[in-house]
Amino acid sequence: MRREVSPRPFFVLSAAVASAVLVVANISSLNVALPELSRELGATQSDVQWMIDIYAFFLATLLLPAGALGDRYGRRRMLLIGIFILGAANAATLFTTDVSLVITSRAVSGVGAALIFPATLSTITTTLPEDKRVKGVAIWTASVFFGGLSGVLISGALMENYWWGSVFLAMSILSGAIFLLCWAYLPDSSNPDEANMDPLGTLLSFVAVGGIVFGVMEGPTKGWSSTLIATSFIIGTLALLTFVLWERYTPRPLLDVRMFADRGVRSGSFSLLVQFTVAFGFFFLTVPLLAFVYGFGPLDMGLSLMPAAIGLFPASAIAIPLTRKIGFRTVGTLGLVLLAGAFYLGTSLEIDSSFASFAVVMVVYGAGIGFASPPATEIIVEALPMEKQGVASALNDVLRELGAVVGIALSGSIFNAGYRSSLAGVVGLPQEVIDGVRETPAAAALIAPTLGEDGVILLDTVAQSVIDGWGNGLWAACITATIGAIGFCFWAPGRDRSQVSPSSGSAKEGSVSYSDVSKVLMIEGTRTRTSITVSHKVVTKNKHNDG
């Protein structure tokens, strides 16, 4: 592949990574502010859940069409529009005390995030030189997870000193700064001739992802067997099946599902879905542990997650180079095994466990993500042609967001079941007190001062119940990561990433083959316009010809 890339690749990478961090930080930053936000606005538990989930809902459902828009009209343009929308929506939240308007603003933020996220990875893969692209993908992958940690850290620091609106104000200011960075240094890349908008595919993907995501989000609160949840899953599943059939036979698909015939694409997609399910589920479980067992405040909670970076960044830096030597299968499986090991270690934590024990869990967790995520991302990116990198990035992002939503919903359901079951067996405390802390452990801090000596017993009881819920959630994550490691080990390609090579002779009907294609791609910077020649492999499905 021959490239003459736009100048200042360092700033291009910095702008793309900063934009990705902005998207993820907007998911996690609200967690620490929720207690005060709920008190100030009089929000119900359902309102609080939707403040978090509706952002992820619109982000997940709009990623594929947003990636196609970037391929068609320019990735830089879509990214800048998205940053503007996200920043404006965060700023608008400051001027209302109405819960419904806060939720609406979060929904609009999710729309902006959907325009941003696919453009970040696809910009890296289409504009950086080959010798920097691999490192850029690794940095982007690590930064996605670091964005979640930084969101908690920033909001924790703000909540220690200011009011809940400071979190939205900070995200708005950060959006403005990143907008200027991207405006100055981010080149534009697109391929309008090859980009497929596919209106029916877009509608089907929205209904499919939306139905499944809604069911997962609302299942723990409305009941998994309720008519609404069952209907949501049925509609989402039927739309998904229809989407697959339509994309398989339409001449210009939004997402060529035949790509999943490649072992690398299938295994990479499976690994990303497993990783983000367990990773964000684990992230969700750590908040009550740190708050109600260790007794940490908002800032201390953010700082407590930082040991993950000790394992995350070194592992991410060597993950893809290591795959060149020992293969995707070995490195990706190692990452998933480390994740399972971290969760297993976490199940041993008790009320009197030291913070050092928790820090070890975080380091192993970070290393697992660092080894597992870059190879899975790289497999998918390399499988799709250059002009479809927006959709390749969107596919990566859809898997991440689906995993995050599923992980948070399932972990929350499992945690609540273990927590409430533990409280049900408590004796010696008034039943009305137990009923008061069933909905949330945070109620214990308000009730305990009114009980005298029994207040200490209540706090210890709630802490033990949190540990029980934490343990149940981590066992589920450990089993999921183990299944993921076994599946990836048997499914993923090894050193040779090309699972189907163009061999001599006639191809079988329905088989997948690759052909080398060279194209000229135009990259426009703020001051210069550069033509680059790229060669890539295009996958095609062979049909039987009796002629």
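Overview of the structure. Keep in mind the model is a prediction, meaning the values are calculated, not measured.

Right, let's talk about the overall build of the protein chain for a bit. Within the protein chain, the secondary structure is distributed over 17 helices and three strands. When each of the 547 residues of the protein chain is scored for burial, the buried share is 55%. Excluding contacts between residues fewer than 6 apart, the proportion of contacts in the protein chain whose partners are at least 24 apart in sequence is 81%. Total accessible area computed for the protein chain in this model is approximately 22300 Å², and 64% of it derives from carbon and sulfur atoms.

Regarding helix 15 (residues 431-438), the residues found buried are Val-433, Ile-434 and Val-437. Down the axis of helix 15, the smallest arc covering the buried residues is 100°, so these residues share one side. Turned more than 90 degrees from where helix 15 packs its buried face, Gln-431 and Glu-432 sit exposed.

Further remarks concern the nonpolar core. If you look at the biggest cluster of nonpolar residues, it comprises 130 residues, and the most contacted ones within it are Phe-343, Phe-358, Tyr-365, Val-437 and Leu-458. Those residues in contact with Phe-358 that sit more than four places away from it in its chain are Thr-286, Leu-289, Leu-290, Tyr-294, Ser-304, Leu-305, Leu-349 and Trp-470.

It is worth spelling out the packing of helix 5 (residues 130-161) against helix 11 (residues 307-326) at this point. Where helix 5 meets helix 11, the closest approach of the two axes is 9 Å, and the angle between their N-to-C directions is 155°. As judged from the angle between their axes, helix 5 and helix 11 are roughly antiparallel. As helix 5 packs across helix 11, the resulting crossing turns out to be right-handed. Only Ala-308, Leu-312, Phe-313, Ser-316, Ile-320 and Arg-324 of helix 11 make contact with helix 5, whose side of the interface consists of Val-134, Val-137, Ala-138, Ala-142, Phe-145, Phe-146 and Leu-149. Its residues placed into classes, the contact of helix 5 with helix 11 shows 11 nonpolar, one polar and one charged.

Another aspect to go through is helix 6 (residues 165-185). Its 21 residues give helix 6 an end-to-end C-alpha distance of 31 Å, which sits within 8% of 30 Å, the value for a rise of 1.5 Å per residue. Residues Gly-165, Ser-166, Val-167, Phe-168, Met-171, Ser-172, Ser-175, Ile-178 and Cys-182 constitute the buried set of helix 6.

Another aspect to go through is the packing of aromatic side chains. Working definition: an aromatic ring pair is given by the centre-to-centre distance plus the angle between the planes. Within this structure, the stated rule accounts for 18 aromatic pairs. Between the aromatic rings of Phe-276 and Phe-280, the centroid separation amounts to 5.7 Å while the plane-to-plane angle is 20°, which identifies the pairing as stacked. Here Phe-280 and Phe-276 lie together in helix 9 (residues 263-292), a separation of four residues that amounts to about one turn. For the residue pair Phe-276 and Phe-280, the accessibility class agrees, reading buried in each case. Arg-76 extends its terminal NZ or CZ atom over the ring of Trp-183, reaching a point 5.1 Å from the ring centre.

Turning our eyes to something else, we now look at a nonpolar patch on the surface. A cluster of nonpolar residues, Leu-200, Leu-203, Phe-206, Val-207, Ile-235 and Trp-246, forms a patch on the protein surface that exposes about 490 Å² of accessible area. Where the nonpolar patch is concerned, the elements lending two or more residues are helix 7 (199-222) and helix 8 (227-249). With respect to the element layout, Val-207 can be found in helix 7.

With that settled, consider the packing of helix 3 (residues 75-93) against helix 4 (residues 99-127). Following both chains from N to C, one finds helix 3 and helix 4 inclined at 155°, their axes separated by 7 Å at the closest point. In terms of their interaxial angle, helix 3 and helix 4 are classed as roughly antiparallel. Read as a crossing pair, helix 3 and helix 4 show a hand that is left-handed. Residues that form the contact of helix 3 with helix 4 fall into these classes: 14 nonpolar, 10 polar and one charged.

Among the secondary structure elements, Asn-90 is positioned in helix 3. Separated by 18 residues in the primary sequence, Asn-90 and Val-108 have C-alpha atoms spaced 9.0 Å apart. Of the polar contacts made by the side chain of Asn-90, one reaches the side chain of Asn-26; its length is 3.1 Å.

Turning our attention to the side chain of Thr-461. Mapped onto the secondary structure, Thr-461 falls in helix 17 (residues 454-491). Ignoring sequence-local partners within four residues, the contact set of Thr-461 consists of Leu-423, Val-426 and Leu-429.

Attention now moves to the side chain of Asn-26. Checked against the element boundaries, Asn-26 lands in helix 1 (residues 9-41). Residue classification places Asn-26 among the buried residues on the basis of a relative accessible area of 0%.

A few words now on the environment of Val-21. In this fold, Val-21 is placed in helix 1. For Val-21 and Phe-146, which are 125 residues apart along the polypeptide, the C-alpha to C-alpha distance reads 7.3 Å. Residues in contact with Val-21, not counting those within four places in the same chain, are Ser-143, Gly-147 and Ser-150.

What follows concerns the environment of Pro-307. With respect to the element layout, Pro-307 can be found in helix 11. Since its relative accessible area comes to 13%, Pro-307 is described here as buried. Each C-alpha atom of the pair Pro-307 and Met-362 lies 5.7 Å from the other, and the pair is 55 residues apart in sequence. With near-sequence residues (within four places) excluded, Pro-307 lies in contact with Ala-359, Met-362 and Val-363.

The rules behind the values
- Residues numbered from 1 in each chain as written.
- Predicted model: local features only at pLDDT ≥ 70, side-chain atom pairs only at ≥ 80, totals over all residues.
- Heavy atoms only, no water.
- Helix = DSSP H or I, 4+ residues; strand = E, 2+ residues; numbered from the N terminus.
- Buried < 20%, exposed > 50% of the residue type's maximum accessible area, 1.4 Å probe, protein only.
- Contact = heavy atoms within 4.5 Å.
- Areas by Shrake-Rupley, 256 points an atom, 1.4 Å probe, with all protein chains shown as cover.
- Arc of directions from axis to C-beta.
- Core = buried A, V, L, I, M, F, W, Y, C linked by side-chain atoms within 4.5 Å.
- Axes fitted to C-alpha atoms, helices over the stretch in contact; angles between N-to-C directions.
- Parallel < 35°, antiparallel > 145°, perpendicular 65-115°, else oblique.
- Left-handed = near helix turned anticlockwise from the far one by under 90°.
- Nonpolar A, V, L, I, M, F, W, Y, C, P; charged D, E, K, R; others polar.
- Expected span 1.5 Å × (residues − 1).
- Phe/Tyr/Trp six-rings, centres within 6.5 Å; stacked < 30°, edge-to-face > 60°.
- Lys NZ or Arg CZ within 6 Å of the ring centre and 35° of its normal.
- Patch = residues over 30% accessible without salt bridge, like charges linked within 9 Å, V, L, I, M, F, W, Y side chains within 5 Å.
- Salt bridge = Lys/Arg side-chain N within 4 Å of Asp/Glu carboxyl O.
- Polar contact = N/O pair within 3.5 Å; in protein donor to acceptor, adjacent residues only side chain to side chain.

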